[in-house]
Structures are given as structure tokens and as C-alpha cells.
Amino acid sequence: MSSRSADQSLFSVDGDVPMKPLSYGQKFTLKTLAGPGGELCLWSDRATFTKCAAKSRLPVVQLQEDSGWNVVWQILCKNPLLRMEMEGKPVVVGEPILLNHCKTNENLACMSQHQHRTPYGKEMEVCCKTFLDSHKAEMEQNIWTIVLGEKQ
């Protein structure tokens, strides 16, 4: 699988200062940088017969020029026992997190079983669905990490 970078920025939707660290539970939008075809927001909505992910048929996630509630996300702590405790504390870079869609209350998921070829190599389908194990904890498909540059 190849790594592909899309220059993106996090923007708070509650009017906080842009330089303030993002905290757990804080509402934000994920946008591409300004430029040709820029300022697109990470968007999702409930799945319908005509609007769903191509292979998994789950709620689609895509970039759109939308500014409604469909583009608002929040970061949740991976550990469900610490979620309430971590609310309002700054997100630590490199820690496992959950990206939760505020409108549907579903987590962003990477579907490794649904791959397709693109000019950038093999890519996995991304959708908006919370996958839980037998202990009602989120599975690996829903776990993400924020990275702020390349390790050397």
C-alpha cells in the first residue's frame, strides 16, 4: 500500500483560536488547504440506496464543498473507560484515537478487505461505521493516529 499525502488542516467549529491545541470532544472540520480545488471538507452522511461506499455499501466518506453538520467531526479517546475523563484535554500526537462523525455518531473506518487500484497504488475504502468487538470496544478499523511529519 502506498502512502499518499493530501495537505489538510483541522479547523475548530466552535470559534476557538486556531493555534489552540485540539482537545478530545471538540468539534472540528478537516479541510484541504486553499488552492485549485481546495478547501474541501471531509464529508459523510447516512447511507442510502444511491449514496453509499462503492464496495462495502456503508455510509460514504468523501471530500465536498459543504459547510453543514455533515462535515463536523470530533476526536474521542480510544479507551472507552477513559473517554469521559479525557473530554476537554489536548489530543496527544501519535496516540491512537477515534474520529467520530457528529451527525451520525459513527466512527471513521478503514476497510482493509475492500481495496482498489488507483494511480497511487492500492487504496482501501474509507467509510463511516463503528465496528465493535464482543466487549463493545472499537475494533482496529476505527483506530487512527495523528501524525505531524515524517520520522527520520
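What you see is a predicted model, and the numbers here were worked out from it, not measured in a lab.

What about the overall build of the protein chain?
Right, so step 1: From N to C terminus, the protein chain includes one helix and nine strands.
Right, so step 2: Along the protein chain, from the amino end to the carboxyl end, the secondary structure elements read β-β-β-β-β-α-β-β-β-β.
Right, so step 3: Within the protein chain, the proportion of its 152 residues that are buried is 38%.
Right, so step 4: Contacts in the protein chain between residues at least 24 apart in sequence constitute 56% of all its contacts with a sequence separation of at least 6.

With respect to the pattern of salt bridges
Right, so step 1: Going through the model one piece at a time under the given rule, you end up with one salt bridge.
Right, so step 2: Between Arg83 and Glu138 there is a salt bridge, with its nearest N and O atoms 2.8 Å apart. Taken together, the residues span a long stretch of sequence, with Arg83 in helix α1 (residues 83-86) and Glu138 in the loop between β8 (121-128) and β9 (143-145) at a distance of 55 residues.

Cut-offs applied
Residues numbered from 1 in each chain as written. Predicted model: local features only at pLDDT ≥ 70, side-chain atom pairs only at ≥ 80, totals over all residues. Heavy atoms only, no water. Helix = DSSP H or I, 4+ residues; strand = E, 2+ residues; numbered from the N terminus. Buried < 20%, exposed > 50% of the residue type's maximum accessible area, 1.4 Å probe, protein only. Contact = heavy atoms within 4.5 Å. Salt bridge = Lys/Arg side-chain N within 4 Å of Asp/Glu carboxyl O.

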